[in-house]
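Architecture and fold: a report
Residue-level listing of the chains:
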Amino acid sequence: MRKPLRHIRVLDLTNVLAGPFCCHQLAHMGAEVIKVETPGTGDLARQLGADAALNQALMGVSFLAQNPGKRSITLNLKHARGKEVLRRLVRAADVLVENFRPGVMARLGLGYEALKQENPRLIYCAISGFGQDGPLSDLPAYDQIIQGMSGVMSITGDPDTAPYRVGYPVSDTIGGMTAAFAVAASLADHERTEGYFVDVSMLESTLATMGWVVSNYLVAGKPPAPMGNENMTASPSGTFQTGDGLLNIAANKQEQFEAVCRVVGRPELATDLRFAARQGRLQHREALKAELERELARQGADAWWALLNDAGVPAGPVYSVPQTLAHPQVAGRGMIGSFANAPGVGRDIDLVRTGFKLNGEAPSVDAPPPELGQHTREILAELGYADADIDQLQQERAI
């Protein structure tokens, strides 16, 4: 498979999720990713996950998920000789990604202004909770903090349960995806004679994905509110109880609504004055839902799913994660990568890849997630360090 970033080298100085997720995407697009970690502990994600034994071994599931295909070198960036190793790495790199608090790298003498002296074409991507400037820029921020401050939690759940956190680290993930897009776009500028400083704010990245919600307030003056599983723009569009299980129905068009009425055996609902027009359906959504669920109780979700899809109505069951992973639609498209007897893990592992294909193939990486510092000597040798030099660096605790 010809990968578009096959000639790109990325230095990954990141921890936990947003930054590692960014570099995870770049690795699957063919970039050589060198993960620069703190000696002894490494990425905090090495200690996170549902398997306590792997956490103890510094190979936590949270780390495994975002770091296949990368090589790991340990550097003490507070040590003068550790900093010099990083500068050597920068000279031969295309991209550096970090997610320290703003100002940390500059205080170490390794900020963008310093490193572009080593490599004027360097693309330097800094991911932080709030961005590199502004009144909140110095504050620490994890995913849940950003979910709360972006407004995501305020509209998650229903009026009786909100605010709720989204069930996975959505702001971290969006921040990482935004960073990967910005880095790839910067790399596409083949005529650049100088680098780019990419400033990714998790708060702003999350807001950017809330376009409809935010614009309804900015343009129409309507503050968003939690609506549970209902769709703010259409009805019937949401989650419905059937005779066996929940079913999502998204009848967002007039003809789809009319088709739903026919499929459930209630064609007269399409001409009911309460429901005939879109605005009426929004106003009387609870009454419409009650009428439909009365009919949907006659069969299970799978039966209605097939009938509605045959009638041109988007619908689908509500699955658990294990059900989704086992479904042929996911299992058959190469979404899951497998690694045999992964180092530091001692068994085979399956990990998620990316959400796209290139020329019909799912991008993959060849190597499993690295053990802490697994490639330190190898990478230093590539930089021109002799064995005696590497031993000295180790004795000085620079690596």
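Residues numbered from 1 in each chain as written. Predicted model: local features only at pLDDT ≥ 70, side-chain atom pairs only at ≥ 80, totals over all residues. Heavy atoms only, no water.

1. As for the overall build of the protein chain
Along the backbone of the protein chain there are 18 helices and 11 strands. With the C-alpha coordinates aligned to their principal axes, the bounding extent of the protein chain is approximately 85 × 45 × 40 Å. The buried share of the protein chain, taken over its 399 residues, is 44%. Considering only contacts within the protein chain whose residues lie at least 6 apart along the sequence, 65% involve residues at least 24 apart. Within the structure as shown, the protein chain displays about 19800 Å² of accessible surface, and the carbon and sulfur contribution to it stands at 53%. Computed over 37 positive and 44 negative side-chain charges, the inter-centroid distance for the protein chain is 2 Å. (Helix = DSSP H or I, 4+ residues; strand = E, 2+ residues; numbered from the N terminus. Buried < 20%, exposed > 50% of the residue type's maximum accessible area, 1.4 Å probe, protein only. Contact = heavy atoms within 4.5 Å. Areas by Shrake-Rupley, 256 points an atom, 1.4 Å probe, with all protein chains shown as cover. Lys, Arg positive; Asp, Glu negative; His and termini not counted. Charge placed at Lys NZ, Arg CZ, Asp CG, Glu CD.)

2. Thoughts on the sheet that holds strand β7 (residues 237–241)
Spatial ordering of the open sheet is given by β7-β8-β9, a layout of 3 strands whose pairing is antiparallel. Strands with a single pairing partner mark the edges of an open sheet, and in this sheet they are β7 and β9 (315–317). Within this sheet the neighbouring strands show an average axis-to-axis angle of 25 degrees, counted without direction. Of the pairings in the sheet, the one linking strand β8 (residues 246–250) to β9 comprises 3 bridges and is antiparallel in character. Looking across to β9, one finds that L247 is bridged to P317. (Pairing = 2+ DSSP bridges. Axes fitted to C-alpha atoms, helices over the stretch in contact; angles between N-to-C directions.)

3. Overview of unusual backbone geometry
The residue after A162, namely P163, is reached through a cis peptide bond having omega 5 degrees. With respect to the helices and strands, the residue P163 is situated in the loop between α7 (143–150) and α8 (170–187). Residues S235 and P236 are joined by a peptide bond in cis, for which omega reads 0 degrees. Of note, P236 is situated in the loop between α10 (211–218) and β7. Within the chain, N359 stands out as a residue other than glycine whose phi angle is a positive 50 degrees. Looking at where N359 falls in the secondary structure, it is placed in the loop between β11 (349–352) and α17 (376–382). A positive phi angle, near 60 degrees, is found at R397, a position not held by glycine.

4. Quick word on the packing of α7 against α8
Their axes nearest at 7 Å, the elements α7 and α8 cross at an angle of 95 degrees. In terms of orientation, α7 and α8 fall into the roughly perpendicular class. Of α8, the residues touching α7 (which contributes D143, I146 and Q147) are V170, S171 and D172. For the contact of α7 with α8, the per-class residue count stands at 2 nonpolar, 2 polar and 2 charged. (Parallel < 35°, antiparallel > 145°, perpendicular 65-115°, else oblique. Nonpolar A, V, L, I, M, F, W, Y, C, P; charged D, E, K, R; others polar.)

5. A closer look at helix α4 (residues 80–91)
Given a rise of 1.5 Å per residue, 12 residues ought to cover 16 Å, and the 17 Å separating the end C-alpha atoms of α4 matches this to within 8%. Listed as buried for α4 are G82, K83, V85, L86, L89 and V90. All buried residues of α4 lie within an arc of 155 degrees about the axis, which places them on one face of the element. (Expected span 1.5 Å × (residues − 1). Arc of directions from axis to C-beta.)

6. Some points on the sheet that holds strand β4 (residues 95–98)
On the basis of which strands lie adjacent, the open sheet formed by 6 strands has the order β3-β2-β1-β4-β5-β6 and parallel pairing. Each edge of the open sheet is held by one strand with a lone partner, namely β3 (71–74) and β6 (196–201). Averaged over all pairs of adjacent strands, the angle between strand axes in this sheet comes to 20 degrees, irrespective of strand direction. The pairing of strand β1 (residues 9–12) with β4 spans 3 bridges and is parallel. For L11, the partnering residue across the bridge sits in β4 and is L96. Relative to β1, α4 is tilted by about 150 degrees, and along the sheet it contacts β1, β2 (32–37), β3 and β4.

7. Brief notes about the packing of helix α1 (residues 18–28) against α8
Two elements in contact, α1 and α8, have axes whose closest approach is 7 Å; the angle formed by their N-to-C orientations is 45 degrees. Considering the angle they form, α1 stands oblique to α8. By crossing handedness, the relation of α1 to α8 is classed as right-handed. In this structure, α1 uses A18, F21, C22, Q25 and L26 to contact α8, whose residues at the interface are D172, T173, G176, M177, A179, A180 and V183. Split into classes, the residues belonging to the contact of α1 with α8 amount to 8 nonpolar, 3 polar and 1 charged. (Left-handed = near helix turned anticlockwise from the far one by under 90°.)

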